[in-house]
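Now for the letters of each chain:
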Amino acid sequence: MIYDLLRDEIKGFKNYEVSNIECKYKMDANEVPFSLPESTLENLQEIVKSANVNRYPDPVSIKLRDKLAEKCSASKDNILVGNGSDEIIHIIMNAFVSPDDFVVYPVPSFSMYRVYSEIAGANKVEISLGEDYHYDVVEFIKSIKEYDPKLVILCNPNNPTGTTISRDDIIKILEVNRGITVVDEAYYEFFGETVIDLINKYKNMIVLRTLSKAYGLAGLRVGYAVSNPEMIGCLNLVKSPYNVNSISQAIALSVLEADTVKDRVEYIKNERKFLMDGLSKIDGLKVYNSQANFLLLKFDNADYVYNKLLEKGILVRDFSGDNELSGTLRVTIGTREANSYFIKCIKEILS
(Lines give C-alpha, C1' and ligand atoms only; values in the text may rest on other atoms or scores of the structure.)
Protein backbone atom coordinates (compact mmCIF):
# COMPACT_ATOMS: atom_id res chain seq x y z
CA MET A 1 0.00 0.00 0.00
CA ILE A 2 1.05 3.60 -0.68
CA TYR A 3 0.41 4.38 2.99
CA ASP A 4 3.28 2.08 3.94
CA LEU A 5 5.67 4.30 1.96
CA LEU A 6 4.85 7.35 4.06
CA ARG A 7 7.49 8.73 6.39
CA ASP A 8 7.04 7.36 9.89
CA GLU A 9 6.38 10.90 11.21
CA ILE A 10 3.36 11.24 8.91
CA LYS A 11 1.65 7.91 9.65
CA GLY A 12 -1.32 8.56 11.91
CA PHE A 13 -0.92 12.26 11.15
CA LYS A 14 -3.93 14.59 11.45
CA ASN A 15 -3.77 17.75 9.37
CA TYR A 16 -5.59 21.08 9.82
CA GLU A 17 -9.34 20.67 9.31
CA VAL A 18 -11.50 23.32 7.64
CA SER A 19 -15.30 23.48 7.76
CA ASN A 20 -17.13 24.15 4.50
CA ILE A 21 -20.73 24.48 5.63
CA GLU A 22 -23.28 26.79 4.01
CA CYS A 23 -24.63 29.33 6.46
CA LYS A 24 -26.13 32.82 6.74
CA TYR A 25 -23.41 34.14 9.04
CA LYS A 26 -19.91 32.66 8.71
CA MET A 27 -18.27 33.39 12.06
CA ASP A 28 -15.77 30.53 12.32
CA ALA A 29 -12.51 31.55 10.62
CA ASN A 30 -11.48 34.94 12.09
CA GLU A 31 -12.11 36.74 8.80
CA VAL A 32 -13.17 40.41 8.75
CA PRO A 33 -16.60 41.20 7.23
CA PHE A 34 -15.29 43.80 4.76
CA SER A 35 -14.71 43.71 1.03
CA LEU A 36 -11.70 45.34 -0.65
CA PRO A 37 -11.33 49.13 -0.21
CA GLU A 38 -13.33 51.19 -2.72
CA SER A 39 -10.17 52.54 -4.38
CA THR A 40 -8.98 48.97 -4.99
CA LEU A 41 -12.36 47.77 -6.27
CA GLU A 42 -12.66 50.75 -8.66
CA ASN A 43 -9.25 49.98 -10.17
CA LEU A 44 -9.35 46.21 -9.89
CA GLN A 45 -9.37 45.59 -13.64
CA GLU A 46 -6.26 47.75 -14.11
CA ILE A 47 -4.55 46.17 -11.09
CA VAL A 48 -5.11 42.67 -12.48
CA LYS A 49 -4.13 43.75 -15.99
CA SER A 50 -0.87 45.28 -14.75
CA ALA A 51 0.00 42.06 -12.92
CA ASN A 52 1.09 40.49 -16.25
CA VAL A 53 0.00 37.00 -15.29
CA ASN A 54 1.63 35.55 -18.41
CA ARG A 55 4.93 36.22 -16.65
CA TYR A 56 6.21 34.70 -13.44
CA PRO A 57 5.68 36.91 -10.38
CA ASP A 58 8.40 38.94 -8.73
CA PRO A 59 10.17 36.16 -6.79
CA VAL A 60 11.04 38.41 -3.85
CA SER A 61 8.01 40.77 -3.85
CA ILE A 62 10.15 43.93 -3.92
CA LYS A 63 7.36 46.55 -4.16
CA LEU A 64 5.25 44.80 -1.55
CA ARG A 65 8.22 44.44 0.80
CA ASP A 66 8.95 48.16 0.42
CA LYS A 67 5.40 49.04 1.45
CA LEU A 68 5.33 46.52 4.32
CA ALA A 69 8.68 47.83 5.57
CA GLU A 70 7.23 51.34 5.60
CA LYS A 71 4.31 50.11 7.72
CA CYS A 72 6.70 48.38 10.14
CA SER A 73 9.29 51.19 10.33
CA ALA A 74 11.83 48.74 8.95
CA SER A 75 13.77 48.09 5.74
CA LYS A 76 12.75 45.79 2.90
CA ASP A 77 15.81 43.71 3.86
CA ASN A 78 13.96 42.94 7.11
CA ILE A 79 10.96 41.46 5.26
CA LEU A 80 10.14 38.10 3.71
CA VAL A 81 6.72 37.64 2.08
CA GLY A 82 4.97 34.28 2.08
CA ASN A 83 1.88 32.54 0.79
CA GLY A 84 0.15 33.22 4.10
CA SER A 85 2.05 33.31 7.38
CA ASP A 86 1.51 29.56 7.74
CA GLU A 87 3.83 29.02 4.74
CA ILE A 88 6.45 31.10 6.56
CA ILE A 89 6.13 28.83 9.62
CA HIS A 90 6.85 25.92 7.29
CA ILE A 91 9.81 27.80 5.79
CA ILE A 92 11.21 28.43 9.29
CA MET A 93 10.86 24.73 10.12
CA ASN A 94 12.57 23.72 6.86
CA ALA A 95 15.43 26.14 7.46
CA PHE A 96 16.19 25.40 11.10
CA VAL A 97 14.47 22.30 12.51
CA SER A 98 16.07 18.88 12.03
CA PRO A 99 14.51 15.54 13.10
CA ASP A 100 14.58 15.17 16.89
CA ASP A 101 15.17 18.89 17.51
CA PHE A 102 12.89 20.34 20.15
CA VAL A 103 10.13 22.83 19.34
CA VAL A 104 8.36 24.64 22.19
CA TYR A 105 4.94 26.24 21.74
CA PRO A 106 1.79 26.95 23.78
CA VAL A 107 -1.35 24.84 23.86
CA PRO A 108 -4.03 25.52 23.00
CA SER A 109 -2.80 27.61 20.09
CA PHE A 110 -2.66 27.70 16.28
CA SER A 111 -2.65 24.04 15.27
CA MET A 112 -0.15 24.52 12.42
CA TYR A 113 2.65 24.79 15.01
CA ARG A 114 1.98 21.16 15.87
CA VAL A 115 1.41 20.14 12.23
CA TYR A 116 4.68 21.55 10.92
CA SER A 117 6.61 20.29 13.95
CA GLU A 118 5.38 16.76 13.25
CA ILE A 119 6.19 17.05 9.53
CA ALA A 120 9.72 18.14 10.49
CA GLY A 121 10.07 15.12 12.79
CA ALA A 122 10.69 17.40 15.77
CA ASN A 123 10.12 16.64 19.43
CA LYS A 124 7.12 18.72 20.48
CA VAL A 125 7.19 20.46 23.88
CA GLU A 126 3.67 21.78 24.49
CA ILE A 127 3.31 24.32 27.31
CA SER A 128 -0.23 24.43 28.69
CA LEU A 129 -1.78 27.87 29.06
CA GLY A 130 -3.80 26.61 32.00
CA GLU A 131 -7.44 26.97 32.93
CA ASP A 132 -7.74 30.67 32.03
CA TYR A 133 -5.41 30.40 29.02
CA HIS A 134 -2.68 32.75 30.29
CA TYR A 135 0.99 32.39 29.36
CA ASP A 136 3.16 30.98 32.14
CA VAL A 137 6.60 32.47 31.38
CA VAL A 138 8.18 30.45 34.21
CA GLU A 139 7.16 27.18 32.49
CA PHE A 140 8.46 28.40 29.13
CA ILE A 141 11.83 29.35 30.61
CA LYS A 142 12.01 26.05 32.51
CA SER A 143 11.42 24.10 29.28
CA ILE A 144 13.93 26.20 27.35
CA LYS A 145 16.62 25.48 29.95
CA GLU A 146 15.73 21.78 30.01
CA TYR A 147 15.43 21.08 26.27
CA ASP A 148 17.56 23.82 24.61
CA PRO A 149 14.99 23.98 21.76
CA LYS A 150 15.80 24.89 18.19
CA LEU A 151 12.53 26.83 18.01
CA VAL A 152 10.17 28.55 20.46
CA ILE A 153 6.84 29.89 19.15
CA LEU A 154 4.71 32.50 20.94
CA CYS A 155 1.32 33.51 19.53
CA ASN A 156 0.38 37.04 20.59
CA PRO A 157 -2.58 37.50 20.82
CA ASN A 158 -3.04 33.76 21.02
CA ASN A 159 -5.43 31.95 18.70
CA PRO A 160 -8.00 30.62 19.66
CA THR A 161 -8.04 32.10 23.17
CA GLY A 162 -7.46 35.80 22.46
CA THR A 163 -5.14 36.05 25.47
CA THR A 164 -1.74 37.74 25.34
CA ILE A 165 1.82 37.55 26.63
CA SER A 166 3.43 40.77 27.87
CA ARG A 167 6.39 42.39 26.15
CA ASP A 168 8.44 41.95 29.34
CA ASP A 169 7.74 38.22 29.37
CA ILE A 170 8.69 37.89 25.69
CA ILE A 171 11.99 39.61 26.48
CA LYS A 172 12.59 37.21 29.39
CA ILE A 173 12.20 34.31 26.95
CA LEU A 174 14.45 35.98 24.36
CA GLU A 175 17.14 36.45 26.99
CA VAL A 176 17.37 32.70 27.74
CA ASN A 177 16.51 31.07 24.38
CA ARG A 178 19.57 30.23 22.25
CA GLY A 179 17.44 28.91 19.38
CA ILE A 180 14.96 30.79 17.18
CA THR A 181 12.09 32.64 18.86
CA VAL A 182 9.03 33.23 16.63
CA VAL A 183 6.49 35.78 17.82
CA ASP A 184 3.32 35.27 15.77
CA GLU A 185 1.51 38.63 15.63
CA ALA A 186 -1.24 37.61 13.19
CA TYR A 187 -3.80 39.55 15.26
CA TYR A 188 -1.49 42.46 16.11
CA GLU A 189 -3.73 45.17 14.67
CA PHE A 190 -6.55 44.33 17.10
CA PHE A 191 -4.12 44.38 20.05
CA GLY A 192 -1.69 47.17 19.22
CA GLU A 193 1.44 45.89 20.99
CA THR A 194 4.44 44.53 19.11
CA VAL A 195 8.08 43.51 19.50
CA ILE A 196 9.10 44.34 15.92
CA ASP A 197 11.32 47.12 17.29
CA LEU A 198 13.50 44.43 18.92
CA ILE A 199 14.46 42.55 15.72
CA ASN A 200 17.97 44.01 15.59
CA LYS A 201 18.64 43.61 19.32
CA TYR A 202 17.61 39.93 19.36
CA LYS A 203 19.06 38.43 16.18
CA ASN A 204 17.34 35.08 16.75
CA MET A 205 13.79 36.54 16.76
CA ILE A 206 11.29 36.44 13.89
CA VAL A 207 7.98 38.33 14.01
CA LEU A 208 5.14 36.99 11.85
CA ARG A 209 2.37 39.17 10.44
CA THR A 210 -0.45 38.59 7.94
CA LEU A 211 -2.78 40.53 5.66
CA SER A 212 -5.46 37.84 6.09
CA LYS A 213 -6.97 39.26 9.28
CA ALA A 214 -7.22 43.03 9.72
CA TYR A 215 -6.59 43.78 6.04
CA GLY A 216 -9.22 41.28 4.86
CA LEU A 217 -7.07 39.44 2.30
CA ALA A 218 -7.59 35.90 3.59
CA GLY A 219 -8.44 34.69 0.08
CA LEU A 220 -5.20 36.03 -1.39
CA ARG A 221 -2.84 34.36 1.13
CA VAL A 222 -0.28 37.05 1.94
CA GLY A 223 1.79 36.86 5.12
CA TYR A 224 5.21 38.19 6.03
CA ALA A 225 8.12 37.73 8.40
CA VAL A 226 10.08 40.60 9.95
CA SER A 227 13.60 39.97 11.25
CA ASN A 228 17.22 41.05 10.78
CA PRO A 229 18.72 40.72 7.26
CA GLU A 230 20.84 37.68 8.14
CA MET A 231 17.77 35.78 9.36
CA ILE A 232 15.78 36.78 6.26
CA GLY A 233 18.67 35.57 4.10
CA CYS A 234 18.58 32.18 5.83
CA LEU A 235 14.84 31.85 5.25
CA ASN A 236 15.25 32.77 1.57
CA LEU A 237 17.55 29.76 1.16
CA VAL A 238 14.54 27.40 1.42
CA LYS A 239 11.73 29.63 0.10
CA SER A 240 10.12 28.55 -3.17
CA PRO A 241 11.12 31.00 -5.95
CA TYR A 242 7.62 32.18 -6.93
CA ASN A 243 5.69 31.59 -3.71
CA VAL A 244 3.39 34.66 -3.87
CA ASN A 245 1.45 35.08 -7.11
CA SER A 246 1.35 38.31 -9.12
CA ILE A 247 -2.30 39.16 -8.43
CA SER A 248 -1.90 38.70 -4.69
CA GLN A 249 1.14 40.99 -4.71
CA ALA A 250 -0.62 43.66 -6.78
CA ILE A 251 -3.87 43.70 -4.80
CA ALA A 252 -2.03 43.60 -1.45
CA LEU A 253 0.01 46.63 -2.51
CA SER A 254 -3.16 48.52 -3.51
CA VAL A 255 -4.89 47.67 -0.22
CA LEU A 256 -1.87 48.84 1.80
CA GLU A 257 -1.80 52.10 -0.16
CA ALA A 258 -5.54 52.61 0.42
CA ASP A 259 -4.81 52.76 4.17
CA THR A 260 -8.33 51.88 5.36
CA VAL A 261 -7.22 49.40 8.01
CA LYS A 262 -7.32 51.81 10.98
CA ASP A 263 -11.05 52.56 10.62
CA ARG A 264 -11.88 48.92 10.02
CA VAL A 265 -9.93 47.77 13.06
CA GLU A 266 -11.70 50.36 15.23
CA TYR A 267 -15.03 49.01 13.97
CA ILE A 268 -14.06 45.45 14.91
CA LYS A 269 -12.80 46.52 18.34
CA ASN A 270 -16.06 48.35 19.03
CA GLU A 271 -18.04 45.31 17.91
CA ARG A 272 -15.85 43.09 20.09
CA LYS A 273 -16.86 45.15 23.12
CA PHE A 274 -20.53 45.07 22.01
CA LEU A 275 -20.44 41.28 21.66
CA MET A 276 -18.55 40.74 24.94
CA ASP A 277 -20.94 43.01 26.85
CA GLY A 278 -24.01 41.32 25.37
CA LEU A 279 -22.81 37.77 25.98
CA SER A 280 -21.57 38.52 29.51
CA LYS A 281 -25.14 39.24 30.57
CA ILE A 282 -26.32 35.75 29.59
CA ASP A 283 -26.30 32.92 32.14
CA GLY A 284 -24.86 29.57 31.08
CA LEU A 285 -21.64 30.59 29.37
CA LYS A 286 -18.20 32.01 30.12
CA VAL A 287 -16.66 34.71 27.90
CA TYR A 288 -12.86 34.92 27.82
CA ASN A 289 -11.35 38.37 27.44
CA SER A 290 -9.88 38.73 23.96
CA GLN A 291 -7.47 41.12 22.25
CA ALA A 292 -8.13 39.64 18.80
CA ASN A 293 -11.07 39.67 16.37
CA PHE A 294 -12.78 36.67 17.97
CA LEU A 295 -14.11 35.52 21.32
CA LEU A 296 -13.71 32.13 23.00
CA LEU A 297 -16.87 30.99 24.79
CA LYS A 298 -17.32 28.09 27.21
CA PHE A 299 -20.60 26.20 27.64
CA ASP A 300 -21.82 23.27 29.71
CA ASN A 301 -22.94 21.62 26.46
CA ALA A 302 -20.99 23.17 23.62
CA ASP A 303 -21.94 20.47 21.09
CA TYR A 304 -25.63 21.26 21.64
CA VAL A 305 -25.05 25.00 21.28
CA TYR A 306 -22.95 24.51 18.13
CA ASN A 307 -25.63 22.45 16.40
CA LYS A 308 -28.41 24.82 17.45
CA LEU A 309 -26.44 27.75 16.04
CA LEU A 310 -26.06 25.86 12.76
CA GLU A 311 -29.84 25.39 12.66
CA LYS A 312 -30.18 29.15 13.01
CA GLY A 313 -27.69 29.80 10.19
CA ILE A 314 -24.56 30.62 12.20
CA LEU A 315 -21.27 28.77 11.74
CA VAL A 316 -18.72 29.09 14.58
CA ARG A 317 -15.55 27.11 15.30
CA ASP A 318 -16.17 24.08 17.50
CA PHE A 319 -13.30 23.21 19.84
CA SER A 320 -15.41 21.24 22.29
CA GLY A 321 -13.66 17.96 21.51
CA ASP A 322 -10.17 19.34 22.13
CA ASN A 323 -8.67 18.34 25.49
CA GLU A 324 -7.23 21.81 26.09
CA LEU A 325 -10.40 23.57 24.91
CA SER A 326 -13.12 21.26 26.22
CA GLY A 327 -16.56 22.83 26.10
CA THR A 328 -15.55 25.85 24.01
CA LEU A 329 -16.68 27.52 20.80
CA ARG A 330 -14.90 30.40 19.05
CA VAL A 331 -16.92 33.14 17.37
CA THR A 332 -15.47 35.68 14.95
CA ILE A 333 -16.43 39.33 15.47
CA GLY A 334 -18.75 40.27 12.60
CA THR A 335 -20.98 43.15 11.62
CA ARG A 336 -23.42 44.69 14.09
CA GLU A 337 -26.20 42.78 12.34
CA ALA A 338 -24.37 39.44 12.70
CA ASN A 339 -23.29 40.12 16.28
CA SER A 340 -26.79 41.17 17.38
CA TYR A 341 -28.27 38.07 15.78
CA PHE A 342 -25.64 35.89 17.47
CA ILE A 343 -26.49 37.31 20.92
CA LYS A 344 -30.22 36.80 20.23
CA CYS A 345 -29.63 33.16 19.19
CA ILE A 346 -27.46 32.38 22.25
CA LYS A 347 -30.17 33.78 24.53
CA GLU A 348 -32.78 31.58 22.84
CA ILE A 349 -30.58 28.46 22.93
CA LEU A 350 -29.62 28.82 26.58
CA SER A 351 -33.12 29.75 27.76
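Residues numbered from 1 in each chain as written. Predicted model: local features only at pLDDT ≥ 70, side-chain atom pairs only at ≥ 80, totals over all residues. Heavy atoms only, no water.

Visitor: For this particular structure, what's the right way to read the overall build of the protein?
Guide: In terms of regular secondary structure, the protein is built from 13 helices and 13 strands. Whereas a compact globule of 351 residues would reach a radius of gyration of roughly 20 Å, the protein reaches 21 Å, a difference of no more than 12%. Overall, the protein is about 60 × 55 × 50 Å in size when its C-alpha atoms are taken along their principal axes. Counting all 351 residues of the protein, 53% fall into the buried class. Within the protein, residue pairs in contact and separated by at least 24 positions form 71% of the contacts whose partners lie at least 6 positions apart. Surface accessibility of the protein: about 16,500 Å² in total, with carbon and sulfur atoms responsible for 47%. Within the protein, one finds 41 positive and 50 negative side-chain charges whose respective centroids are separated by 3 Å. (Helix = DSSP H or I, 4+ residues; strand = E, 2+ residues; numbered from the N terminus. Rg over C-alpha atoms; globule rule 2.2 N^0.38 Å. Buried < 20%, exposed > 50% of the residue type's maximum accessible area, 1.4 Å probe, protein only. Contact = heavy atoms within 4.5 Å. Areas by Shrake-Rupley, 256 points an atom, 1.4 Å probe, with all protein chains shown as cover. Lys, Arg positive; Asp, Glu negative; His and termini not counted. Charge placed at Lys NZ, Arg CZ, Asp CG, Glu CD.)

Visitor: How should I be thinking about helix H5 (residues 112-120) in this particular structure?
Guide: Counting buried residues along H5, seven of its nine residues qualify, which places the element largely inside the surrounding structure. Restricting attention to buried positions, one finds in H5 the residues Met 112, Tyr 113, Val 115, Tyr 116, Ser 117, Glu 118 and Ala 120. Two residues or fewer past H5, Gly 121 is found with a positive phi of approximately 75°.

Visitor: What is the right way to read the nonpolar core from this model?
Guide: The tendency in soluble globular proteins is for nonpolar side chains to be buried as a group. The biggest cluster of nonpolar side chains holds 114 residues, and the ones touching the most others in it are Leu 279, Leu 309 and Phe 342. Every residue in contact with Leu 309, bar those within four places of it in the chain, is listed here: Ile 314, Val 316, Leu 329, Phe 342, Cys 345, Ile 346 and Ile 349. (Core = buried A, V, L, I, M, F, W, Y, C linked by side-chain atoms within 4.5 Å.)

Visitor: Would you mind going over helix H9 (residues 229-236) with me for this structure?
Guide: For an α-helix, 3.6 residues make a turn, and residues three or four places apart therefore share a direction. Buried within H9 we find Met 231, Ile 232 and Leu 235. Seen from one end, H9 has its buried residues packed into an arc of 100°, which puts them on one side. As for H9, its buried residues are in contact with strand S2 (79-82), helix H4 (85-96), strand S6 (180-184), strand S7 (205-210) and strand S8 (223-226). Where H9 begins, the side chain of Asn 228 points an oxygen toward the backbone nitrogen of Glu 230, at a separation of 3.1 Å. (Arc of directions from axis to C-beta. Polar contact = N/O pair within 3.5 Å; in protein donor to acceptor, adjacent residues only side chain to side chain.)

Visitor: Is there a simple way to think about the sheet that holds S2 in this case?
Guide: Strands pair in a sheet through their backbones, by hydrogen bonds, and they do so in one of two ways: parallel or antiparallel. The sheet built from seven strands is open, its strands ordered S2-S8-S7-S6-S5-S3-S4 with mixed pairing. Two strands in the sheet have a free side with no partner beyond their single neighbour: S2 and strand S4 (123-128). This sheet shows a mean twist of 20° between the axes of neighbouring strands, independent of strand direction. In this fold helix H6 (residues 137-147) packs onto strand S3 (102-107), S4 and strand S5 (151-155), with an angle of close to 160° to the strand it touches most, S4. Contacts between helix H7 (residues 167-176) and the sheet are confined to S5, S6 and S7, with S5 contributing the most and set at about 175° to the helix. (Pairing = 2+ DSSP bridges. Axes fitted to C-alpha atoms, helices over the stretch in contact; angles between N-to-C directions.)

Visitor: How should the packing of aromatic side chains be read in this particular structure?
Guide: To describe a pair of aromatic rings, one takes the distance between the centres and the angle between the planes. Applying the stated criterion across every chain yields a total of nine aromatic pairs. Residues Tyr 56 and Tyr 242 carry aromatic rings whose centres are separated by 4.6 Å and whose planes lie at 15° to one another, so their mutual orientation is stacked. Taken together, the residues span a long stretch of sequence, with Tyr 56 in the loop between helix H2 (44-50) and helix H3 (62-72) and Tyr 242 in the loop between H9 and helix H10 (246-258) at a distance of 186 residues. Take Tyr 56: its relative accessible area is 66%, and that puts it in the exposed class. Tyr 242 sits in the partly exposed class, given a relative accessible area of 40%. (Phe/Tyr/Trp six-rings, centres within 6.5 Å; stacked < 30°, edge-to-face > 60°.)

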